[in-house]
Amino acid sequence: MQRVLRYSSIIGRLFNPGSLDLYLAKVFILRYLVILVGLIATLQALDLLAKSDDILAGDGATMSDLWTYVTLRTPQLVTLFSPFVALLSAILSFAGLNVHSEIIIMKTAGWNAFRIVLPLTMMSILIAALHFVFNETVSVKARAELRNWEEHEFAADLPPAPDVVYDSWVADGNNLIKAESASRNGSILLLDKVTQYVRNKNQEVTALIKADFAVYRDGSWTLFEVKKFDLKTLEVTPLENLDWKTRVPPERYIALALKPDQVNLQQLRQAIKQLKNEGHSTNDYETQLHQKFVLPLSTLLMPLLAGLAAFGLHRGGNLFGRILITMAMGFGYFVINNLFVALGQYGAVPPIVAAWLPLLLFGLIGISFILLTEE
């Protein structure tokens, strides 16, 4: 009964926070905003210095294009560095509270370590939710537009980025097909610079069929400006327009060349479903799908990892050393997470394990440190 009352009181505080809860949340969120703005401004300035010559060299470029680059690049930097900023903010918040003996005062008032971490965790949940929404609505579109702009060498007055993917490779039986780009307009699919590698049963290339472009419309393919090169006779035969018989579903060209960080959650799920129905491996896409949730949720780890700087000073060791250990653990998480993402993409580890294991592992490490340093 006492345990039920204790947990119900904690849940009640979530919906009716006290003045101390608001104070801790304010300390954390203000530091988060200041560090985020400062870090993103610095990184953006350095990036702009490196890219300014290329941007201004674009066809019809003006000085205003520099600001356009900033508006497209900044959302990517925000989503990439938000969890790291949360780590720095939590460390500085707890270190400041520790130096001014506010942690001791809270414990004297009957708060345990997890109760002190709770307001920062709640703010981290809010940041994670905003991070996810911002990435799905702003960042993915900004990445696609920036790539489209870079593909055209920063030329001015470009139309909006089309529904297009680049460098699409598919297999059609023994043959291989490469398209430099694939774009979709309603029920019509357009492939640009198509090359079909005709191979025999021994997987040896016997001929090349090249076309300037291919169009899928009304259930059939047509190749335009076609040339066939026979490797045995070394002859090139112009074929002009050609009805193209292929067993490759049109949607596969789009699905296989999608960039997971440039599409939203729904588009990525559709691509995975399309490829699974055709028997293709989807380890890469599934890992990236889970990462769309894991990256924002990694913000919740940071107050737990930063707890070492809050609760360990009075037990021995100096504050600066504990801050370094906390930062090392934070960097360690990002390194291990990237390692497991690579393993998941190559199929060495199941995608769900590759995406979620580092988050769970470091979450347990953070909780363990708080328990070990709690007096």
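Residues numbered from 1 in each chain as written. Predicted model: local features only at pLDDT ≥ 70, side-chain atom pairs only at ≥ 80, totals over all residues. Heavy atoms only, no water.

Asker: Help me understand the side chain of Gln 196, please; the structure alone is not making it clear to me.
Answerer: Relative to the assigned elements, Gln 196 resides in strand E3 (residues 188–199). At a separation of 3.0 Å, a polar atom in the side chain of Gln 196 contacts the side chain of Trp 244. Those residues in contact with Gln 196, other than ones at most four positions away along the chain, are Asn 175, Leu 176, Ile 177, Ala 207, Leu 208, Ile 209 and Trp 244. (Helix = DSSP H or I, 4+ residues; strand = E, 2+ residues; numbered from the N terminus. Polar contact = N/O pair within 3.5 Å; in protein donor to acceptor, adjacent residues only side chain to side chain. Contact = heavy atoms within 4.5 Å.)

Asker: Even after reading the chapter, I still don't get helix H2 (residues 19–56), so can you show me in this structure?
Answerer: Residue pairs three or four apart in sequence face the same way in an α-helix, which turns once every 3.6 residues. In a regular helix each residue adds 1.5 Å, so 38 residues correspond to 56 Å; H2 covers 52 Å between its end C-alpha atoms and thus fits that length. Maximal helix bending in H2 amounts to about 45°, located at Ala 50. (Expected span 1.5 Å × (residues − 1). Bend = angle between axes of the 7 residues up to and from the residue.)

Asker: Is there a simple way to explain the pairing of strand E4 (residues 205–217) in this structure?
Answerer: Two faces make up the sheet, and in a regular strand the side chains alternate between them. Note: E3 against E4, 10 bridges, orientation antiparallel. Looking at E4, one finds that Leu 190 is bridged to Val 215. The antiparallel hairpin formed by E3 and E4 contains 5 residues in its connecting segment, where Gln 203 sits at a positive phi of about 65°. As defined by bridge partners, E4 adjoins strand E5 (residues 220–230) across 10 bridges and the pair is classed as antiparallel. The residue bridging Lys 210 from the neighbouring strand is Lys 227, located in E5. Hairpin remark: E4 followed by E5, antiparallel, with 2 residues in the connecting loop; positive phi at Asp 218, about 55°. (Pairing = 2+ DSSP bridges.)

Asker: Looking at this model, I keep getting lost on a negative patch on the surface. Mind explaining?
Answerer: Where like charges cluster on the molecular surface, the negative patch consists of Glu 180, Asp 192, Asp 212, Glu 225 and Glu 240. Within the secondary structure, Glu 180 is located in strand E2 (residues 175–185). (Patch = residues over 30% accessible without salt bridge, like charges linked within 9 Å, V, L, I, M, F, W, Y side chains within 5 Å. Areas by Shrake-Rupley, 256 points an atom, 1.4 Å probe, with all protein chains shown as cover. Salt bridge = Lys/Arg side-chain N within 4 Å of Asp/Glu carboxyl O. Lys, Arg positive; Asp, Glu negative; His and termini not counted. Charge placed at Lys NZ, Arg CZ, Asp CG, Glu CD.)

Asker: I'm lost on the environment of Ser 124 in this one. Help?
Answerer: Within the element layout of this structure, Ser 124 appears in helix H5 (residues 113–151). Judged by relative accessible area, which is 0%, Ser 124 ranks as buried. Placed 34 residues apart in sequence, Ser 124 and Ala 90 show a C-alpha to C-alpha distance of 9.7 Å. Look past the residues within four positions of Ser 124 in its chain and what remains in contact with it is Phe 28, Thr 299, Leu 300 and Pro 303. At 2.9 Å, the side chain of Ser 124 forms a polar contact with the backbone oxygen of Leu 120. (Buried < 20%, exposed > 50% of the residue type's maximum accessible area, 1.4 Å probe, protein only.)

Asker: Is there a simple way to think about the packing of aromatic side chains in this case?
Answerer: Each aromatic ring pair is summarised here by two numbers: the centre-to-centre distance and the angle between the ring planes. With the rule as written, the count across this model stands at 9 aromatic pairs. Residues Tyr 333 and Phe 362 carry aromatic rings whose centres are separated by 5.5 Å and whose planes lie at 75° to one another, so their mutual orientation is edge-to-face. Note that Tyr 333 is positioned in helix H10 (residues 319–345) and Phe 362 in helix H11 (residues 351–373), a separation of 29 residues in sequence. Looking at Phe 362, the relative accessible area reads 9%, which means it is buried. These aromatic residues form a ring-pair network of at least three members: Tyr 69, Trp 149 and Phe 154. The residue whose ring lies beneath Arg 115 is Trp 111, and the NZ or CZ to ring-centre distance is 4.1 Å. (Phe/Tyr/Trp six-rings, centres within 6.5 Å; stacked < 30°, edge-to-face > 60°. Lys NZ or Arg CZ within 6 Å of the ring centre and 35° of its normal.)

Asker: What should I look at first to understand the packing of helix H8 (residues 283–297) against H10 in this one?
Answerer: Relative placement of two packed helices is described by the angle separating their axes and the distance separating the axes. In contact at an axis separation of 8 Å, H8 and H10 are set at 150° when each is read in the N-to-C sense. Accordingly, the angle class assigned to the pair H8 and H10 is roughly antiparallel. Each of Asn 283, Asp 284, Thr 287, Gln 288, Gln 291 and Val 294 in H8 lies in contact with H10, whose residues at this interface are Tyr 333, Asn 337, Val 341, Gly 344 and Gln 345. (Axes fitted to C-alpha atoms, helices over the stretch in contact; angles between N-to-C directions. Parallel < 35°, antiparallel > 145°, perpendicular 65-115°, else oblique.)

Asker: Got a minute to help me understand the pattern of salt bridges in this structure?
Answerer: Between side chains of opposite charge, a pair can form when the charged atoms approach closely. In total, this model carries 3 salt bridges according to the counting rule given. One salt bridge connects Asp 47 with Arg 73, and the closest N-O pair in it is separated by 3.1 Å. A residue pair is termed long-range when its members are at least 10 positions apart, and Asp 47 in helix H2 and Arg 73 in helix H3 (residues 64–99) qualify at 26 residues. One salt bridge connects Lys 292 with Glu 136, and the closest N-O pair in it is separated by 3.2 Å. Pair noted here: Lys 292 is in helix H8 and Glu 136 is in helix H5, with a separation of 156 residues, a long-range link. On the basis of relative accessibility, which here comes to 13%, the residue Glu 136 falls in the buried class.

Asker: It is not clear to me how the nonpolar core should be interpreted in this structure. Could you clarify?
Answerer: Where a protein is soluble and globular, its nonpolar side chains tend to be buried together. Among the nonpolar cores identified, the biggest contains 44 residues, and Leu 24, Phe 28, Phe 94, Ile 116, Met 302, Phe 311 and Tyr 333 are the most heavily contacted of them. Within the residue set of this core, elements represented by two or more residues are H2, H3, helix H4 (102–108), H5, helix H9 (301–311), H10 and H11. The element best represented in this core is H3, accounting for 11 residues. With 28 residues, the next largest nonpolar core counts Ala 211, Ala 214, Tyr 253 and Leu 265 among its residues. (Core = buried A, V, L, I, M, F, W, Y, C linked by side-chain atoms within 4.5 Å.)

Asker: How should H10 be read in this particular structure?
Answerer: Over its 27 residues, H10 runs 39 Å from end to end, which matches the ideal 39 Å to within 8%, given 1.5 Å per residue. Listed as buried for H10 are Leu 319, Arg 322, Ile 323, Thr 326, Met 329, Gly 330, Tyr 333, Phe 334, Asn 337, Phe 340, Val 341 and Gly 344. One or two residues past the end of H10 sits Gly 347, with phi positive at roughly 85°.

In short, shape yes, function no, at least from these values alone.
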